[in-house]
Amino acid sequence: MLNLINGRREKLVHRKLRLRNRADFSRVYRHGKSFANHQFVVYWSRKKEVEQFRVGVSCSKKIGNAVVRNRMRRLVKEIVRHHQHQIIEHIDLIFIVRKGALDKSYQELEKSVLHVLRKSSLLKAKRG
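To keep things clear, this report deals only with the structure shown in the data block. (Residues numbered from 1 in each chain as written. Predicted model: local features only at pLDDT ≥ 70, side-chain atom pairs only at ≥ 80, totals over all residues. Heavy atoms only, no water.)

Let us look at helix H3 (residues 106-119). Because the α-helix completes a turn every 3.6 residues, residues three or four places apart line up on one side. The end-to-end C-alpha distance of H3 is 20 Å, a good match for the 20 Å that 14 residues give at a rise of 1.5 Å each. Among the residues of H3, Tyr106, Leu109, Glu110, Ser112, Val113, Leu114, Val116 and Leu117 are the ones counted as buried. Tucked into the core, H3 has its buried residues touching strand E3 (33-36), strand E4 (40-46), helix H2 (66-82) and strand E6 (91-97). Directly beyond the C-terminal end of H3, a positive phi value near 60° is found at Ser121. (Helix = DSSP H or I, 4+ residues; strand = E, 2+ residues; numbered from the N terminus. Expected span 1.5 Å × (residues − 1). Buried < 20%, exposed > 50% of the residue type's maximum accessible area, 1.4 Å probe, protein only. Contact = heavy atoms within 4.5 Å.)

This is the structure in structure tokens:
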């Protein structure tokens, strides 16, 4: 699946790396852990059957209309795709977009996503 972001054609998060069904979302919400900042809440749960990680994005209708919600979903998935090599394996992630994320630039959203992942210990340790 290709998408046009910032004037370039980019590949979005691969389909097998996305949380898609309600049972998976419910399992992560019920048995997972969470961390939040002003722009995002991240829920995560370990799942050994998953080879890398899977990600889902949730946007409430309070965020805005469908155009706004879908744009936020695409941006979060694109940020995760760019940093997929830094995220630990065997985990399911759900990002919940908060209203504070609406007026942020792509770079600010990227910084916020990395912050919430770092605080929840979901990024691999840096080598070096």
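Moving on: the side chain of Ser120. Along the chain, Ser120 falls in the segment after H3. A relative accessible area of 7% places Ser120 in the buried class. Looking at Ser120, its side chain comes within polar contact range of the main-chain oxygen of Val116, at 2.7 Å. Discounting residues that sit within four places of it in the chain, Ser120 has contacts with Phe35, Val42 and Trp44. (Polar contact = N/O pair within 3.5 Å; in protein donor to acceptor, adjacent residues only side chain to side chain.)

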